[in-house]
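Structural description and commentary
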Amino acid sequence: MRFFFKFLLFLLIILTSVIIFLSYVGFETDRFDALIKKKSNSLNNNVKIEFNKTRSYLNIRNLKILIKLKNPKIVIRNKEINLSKLNFLLSLKSFYSSDFILEKANIGFQENDIKDLTKITNIFLPKIINKQLKKVFEKGDLTGEFIIPFNPDGTVSKSYTFNGKINNAYIN
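Residues numbered from 1 in each chain as written. Predicted model: local features only at pLDDT ≥ 70, side-chain atom pairs only at ≥ 80, totals over all residues. Heavy atoms only, no water.

Focus: the nonpolar core
Definition in use: Put simply, a nonpolar core is a bunch of buried Ala, Val, Leu, Ile, Met, Phe, Trp, Tyr and Cys residues held in one set by side-chain atoms that sit within 4.5 Å of each other. Only protein chains enter the area calculation, which uses a 1.4 Å probe; residues under 20% of their type maximum are buried, those over 50% are exposed, and those in between are partly exposed. Here a strand is any run of E in DSSP of at least two residues, a helix any run of H or I of at least four, and the numbering for each starts at the N terminus. In what follows, residue pairs with any heavy atoms lying within 4.5 Å of each other are defined as contacts.
Formed by 21 residues in total, the largest nonpolar core has its most connected members in Ile67, Leu69, Leu83, Leu86 and Phe88. Elements supplying a minimum of two residues to this core: strand E2 (47–50), strand E4 (64–69), strand E5 (73–76), strand E7 (85–91), strand E8 (102–113) and strand E9 (137–149). Residues contacting Leu83, with those up to four places away along its chain left out, are Pro72, Lys73, Ile74, Ile107, Gly108 and Phe109.

Looking at the packing of aromatic side chains
The following threshold applies: The rule is short: rings of Phe, Tyr and Trp, with Trp giving its six-membered ring, pair when the centres are within 6.5 Å, and they are stacked under 30 degrees, edge-to-face over 60, tilted in between.
With the rule as written, the count across this model stands at four aromatic pairs. For the pair Phe3 and Phe7, a centre-to-centre distance of 6.5 Å together with 20 degrees between the ring planes defines the contact as stacked. Residue Phe3 and its partner Phe7 are located together in helix H1 (residues 2–24), separated by four residues, close to a single helical turn. A residue is classified by how much of its surface remains accessible, and Phe3, at 67% relative accessible area, is exposed. Seen from their ring centres, Phe109 and Phe162 are 6.2 Å apart, and the 15 degrees between their planes marks the pair as stacked. With Phe109 in strand E8 and Phe162 in strand E10 (residues 161–171), this pair connects stretches of sequence that are 53 residues apart. You can call Phe162 partly exposed: its relative accessible area is 39%. Clustering of aromatic rings is evident, with ring pairs tying together Phe109, Phe146 and Phe162.

Side note on the environment of Ala169
With respect to the secondary-structure elements, Ala169 resides in strand E10. Each C-alpha atom of the pair Ala169 and Gly140 lies 3.8 Å from the other, and the pair is 29 residues apart in sequence. For Ala169, the residues in contact, after removing those within four places along its chain, are Lys139 and Gly140.

What about the confidence of the model for the protein chain?
Applicable threshold: The pLDDT value tells you how sure the predictor is about a given residue, anywhere from 0 up to 100.
Confidence along the protein chain averages 80 in pLDDT terms, with 90% of residues attaining 70 or more. When pLDDT is averaged over each helix and strand of the protein chain, the minimum, 67, is found for helix H3 (residues 116–124) and the maximum, 90, for H1.

Focus: a positive patch on the surface
Defined as follows: Within this analysis, patches are made of residues with over 30% relative accessible area and no salt bridge. Like charges are joined at 9 Å or less; nonpolar side chains (Val, Leu, Ile, Met, Phe, Trp, Tyr) at 5 Å or less. Areas reported as accessible are Shrake-Rupley estimates using a 1.4 Å probe. Residue values count occlusion only from the protein chains shown. What counts as a salt bridge is simple: a side-chain nitrogen of Lys or Arg found within 4 Å of a carboxyl oxygen of Asp or Glu. Positive residues here are Lys and Arg, negative ones are Asp and Glu, while His and the chain termini are left out of the count. By convention, the charge on Lys lies at NZ, on Arg at CZ, on Asp at CG and on Glu at CD.
A cluster of basic side chains, namely Arg77, Lys79, Lys127, Lys131, Lys134 and Lys135, defines a positive patch on the protein surface. Per element, the largest residue contribution to the positive patch is four residues, and it comes from helix H4 (residues 127–136). Position of Lys127 among the secondary structure elements: in helix H4. On the basis of relative accessible area, Lys127 is assigned to the exposed category, the value being 66%.

Remarks on the side chain of Ser56
Inspection of the secondary structure assignment puts Ser56 in strand E3 (residues 54–59). Aside from chain neighbours lying at most four places away, what touches Ser56 is Leu22, Gly26, Phe27, Ile65, Leu66 and Ile67.

Description of H1
Condition: In this scheme, a helix's expected span is set at 1.5 Å multiplied by one less than its residue total.
Taking 1.5 Å per residue as the helical rise, H1 with its 23 residues ought to reach 33 Å, and the 33 Å between its terminal C-alpha atoms agrees with that figure. Gly26 sits one or two positions beyond H1 and adopts a positive phi of about 70 degrees.

Points about the pattern of salt bridges
Summed over the entire model, instances satisfying the criterion amount to five salt bridges. Close ionic contact of Glu28 with Arg55 constitutes a salt bridge, the shortest N to O distance being 3.4 Å. Here Glu28, found in strand E1 (residues 27–29), pairs with Arg55, found in strand E3; they are 27 residues apart in sequence, far enough to count as distant. Since its relative accessible area comes to 35%, Glu28 is described here as partly exposed.

A word on the sheet that holds E8
Selection rule: In this description, strands pair whenever DSSP reports at least two bridges between them. Axis definition: a line fitted to C-alpha atoms, over the contacting stretch in the case of helices. Angles run 0 to 180 degrees between N-to-C directions.
Spatially, seven strands are ordered E1-E3-E4-E7-E8-E9-E10 in an open sheet, and the strand pairing comes out antiparallel. Pairing within the sheet leaves two strands with one partner each, and these edge strands are E1 and E10. In this sheet, adjacent strand axes meet at a mean angle of 15 degrees when their direction is disregarded. Two elements, E9 and E10, share nine bridges in a ladder whose sense is antiparallel. Across the sheet, the residue bridging to Lys139 is Tyr170, located in E10. Strands in contact with H1 are E1 and E3; relative to E3, the strand with the most contacts, it is inclined by about 125 degrees.

Dropping the structure here:
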């Protein structure tokens, strides 16, 4: 009985150590890179996501997995936009159910030319509106963060947020 108790205590200590390690340090891998690139790049032919490796963390309190991409950038029609971060929040529950796996995407960028905004809107907005945007934003630097939540069916939720600032700008 004493051996069994010591064995259970040892397993509990090991399990707790692994959970703490995965929560704070995480693990780096390139095993999922091809899958992430394939899935994300299949959504739009004009937009490609580039990155080096991924680091995954466990959020045990909310039963989520946070995946951070290293050195992310978005290539839109052969024009690069460097990102400061590109993180995905996944639900652990979705791994054993049929729910959509992605809950939220967090896209951060620093010191990009404000004209990069028109590179992105060129894909989603009509050309007439995009030409007007190019006239409005003449120069400046854009820093900010998009938080894009997803619905359970995989569509983008309408409650996305943007926090950012524009520096040294000239706007008509």
